[in-house]
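Close look at the chain arrangement
Below are the chains, spelled out letter by letter.
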Amino acid sequence: MSLKVTLDLDACQGYTCCMMEAGSVFDLDEATGKALLLQPAPSPELRIQVENAARSCPARAILVENG
Ligand code: SF4
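Residues numbered from 1 in each chain as written. Predicted model: local features only at pLDDT ≥ 70, side-chain atom pairs only at ≥ 80, totals over all residues. Heavy atoms only, no water.

Describing the site of the ligand
- In the region of the ligand, 13 residues are neighbours, and Cys12, Tyr15, Thr16, Cys18 and Cys57 sit closest.
- Ranked by residue count, the leading element in the shell around the ligand is helix α1 (residues 17-21), at three residues.
- Counted by class, the shell around the ligand contains ten nonpolar, three polar and no charged residues. (Near = heavy atom within 4 Å. Helix = DSSP H or I, 4+ residues; strand = E, 2+ residues; numbered from the N terminus. Nonpolar A, V, L, I, M, F, W, Y, C, P; charged D, E, K, R; others polar.)

This is the structure:
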């Protein structure tokens, strides 16, 4: 099953935990100091990483759904 990732930039505080968990899906936007969503629909192989990223986000800014 494919994945759909949503990033709430209003909630994001730039803690970067998501990037440590799933570096191919999240990066840091140097201009804003917030997360940058590189892959809104990552492949299913990245599910564990993406779910760990969502869980690790102190701001609860990442939503992972089945796409
Ligand atoms: S872990 Fe959450 S608050 Fe931190 S950069 Fe990622 S989305 Fe933003």
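Having seen the structure, we can now continue with the description.
Here's the deal with the environment of lysine 34
- Tracing the chain through its elements places lysine 34 in strand β3 (residues 34-37).
- On the basis of relative accessible area, lysine 34 is assigned to the partly exposed category, the value being 25%.
- Considered as a pair, lysine 34 and tyrosine 15 are 19 residues apart in the sequence and their alpha carbons are 8.0 Å apart.
- At a separation of 3.4 Å, a polar atom in the side chain of lysine 34 contacts the main-chain carbonyl oxygen of cysteine 12. (Buried < 20%, exposed > 50% of the residue type's maximum accessible area, 1.4 Å probe, protein only. Polar contact = N/O pair within 3.5 Å; in protein donor to acceptor, adjacent residues only side chain to side chain.)

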